[in-house]
Structure formats: C-alpha cells, structure tokens
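# Coordinates in review
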Amino acid sequence: MAEEEISSNRGGNPKYTWDDFVAAVGKDFSGGNELVSDEVIEYSSVMRFCEPWEIGNPIYWSKQAANRLGYRGTVTPWSAIRLTFSTAGRWKPGDETHFPTPEPNASGPMHTFSEGGEELPMPPYAYSIATNMRIEFFEPACVGDRLTARGEKLVNVVLKRTRVGFGAFHTRERRIYNQRGELVARVSSTSYSYNHER
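We now turn to the structure provided with this report. Note that the structure is a prediction, hence the values are computed from the model and not measured.

## Things to note about the overall build of the protein chain
Helix and strand counts for the protein chain stand at 4 helices and 5 strands. Start at the N end of the protein chain and walk to the C end: the helices and strands fall as α-β-α-α-α-β-β-β-β. Evaluated residue by residue, the protein chain yields a buried proportion of 37% over its 198 residues. Roughly 11400 Å² of accessible area belongs to the protein chain as shown, and the carbon and sulfur atoms make up 50% of that amount.

## Some thoughts on the packing of aromatic side chains
Following the criterion strictly, the structure yields 6 aromatic pairs and no others. Pairing Trp 18 with Phe 166 gives two aromatic rings, centres 6.5 Å apart and planes at 80 degrees, and the pair type is edge-to-face. With Trp 18 in helix H1 (residues 18-23) and Phe 166 in strand S4 (residues 165-177), this pair connects stretches of sequence that are 148 residues apart. When the ring centre of Tyr 177 is taken as origin, the NZ or CZ atom of Arg 150, which lies over that ring, is 4.5 Å away.

Cut-offs used in this document
Residues numbered from 1 in each chain as written. Predicted model: local features only at pLDDT ≥ 70, side-chain atom pairs only at ≥ 80, totals over all residues. Heavy atoms only, no water. Helix = DSSP H or I, 4+ residues; strand = E, 2+ residues; numbered from the N terminus. Buried < 20%, exposed > 50% of the residue type's maximum accessible area, 1.4 Å probe, protein only. Areas by Shrake-Rupley, 256 points an atom, 1.4 Å probe, with all protein chains shown as cover. Phe/Tyr/Trp six-rings, centres within 6.5 Å; stacked < 30°, edge-to-face > 60°. Lys NZ or Arg CZ within 6 Å of the ring centre and 35° of its normal.

What follows is the structure in structure tokens.
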C-alpha cells in the first residue's frame, strides 16, 4: 500500500521525548474524571446485541433464568461491556465534526479513556494502531445498571523499532464500576504509536 493511502492519526507534543513517556509509567492520567455511560442498560439493548451474534445463553434473555442461577437480574454479555455499555457518546447535534477532511481514509480523533484528563507525555507521532486489548471481568453487569469508567493509568511503555517505524507500545488501564461501586471489569488497551523512518 502506498504511503499516502495509509491513514494517519497524528498526535503527541514536541515538548516531550520518548524517555518522558517511559518515565510516566505508573501515573494515572484521568485527572480524577469519570466517564459515565450515557444510558442505563436496557433489556431491549441486550437483546439487540445478542441477536446478530445468535448468543442464546438464557441468562441474557430471561431474568427468571438469571435469578435461578444466582444473578440479580438479566445479565449483559461480557463482550458488550467495553464498547457498548460503558462509553459516553462521541458526538451529539451541535458538536463539531470529528472528520473535517474529505479524505476517504481519514482517521477520527484518538479519545482518552476519561475525557478531560491529563495529556499523555508523548512526543510527536504520525501513526497509532491498536494492537491488543485485555479485559478481566469481576461483577456481572445486569439490566438496570449504569456503568462508570474510572482511571487512565499508564501501566507499560516499550520503545521498539519495527518494520513500519520507531515508536512505543503503550498500555493504559481503566476500571469499570456499576452504580453500586462494584468493580465490573478492568480493561487494558495497548497501542503502537510510531513514526516512519527513512
């Protein structure tokens, strides 16, 4: 693929170096902000999530079946928690567009886990790709829950030269809680942010 066909997601700040980024491991960059989901988990939303995947587990469809197995309500599939039921909306009428360019391969902005948090001390980079996600689950999320994401802890930075360029594999961690303050999941997301080398 020609270089001009590869979509870039430019970011970083020239006042930082890669060493600054490595030194920041262990710090929480959320600024104490929380990301509260826009919606309470509804039964119809759980059904709509399960239907295309043909997920037939009775605890996702029936409160009675879930109660018989010791759950407090209709359970939300684990796979729906991260991207469906624990995010705030990315755009609403009146907001500026995330895609101001007509370029067909343009990338949208790279959102932080907790909007309004502190800037990650990364030097300028031209590209960023998601490489891994690990989710550890604790308390099931059920219909009627409203989830909140807390924290944006930088847990690992590995500088690496690859075939596409030089940059850093970096892992950030957040935790998702229900409205009772119970830990639902711990999410670790890894990306590779880099610049081409000539």
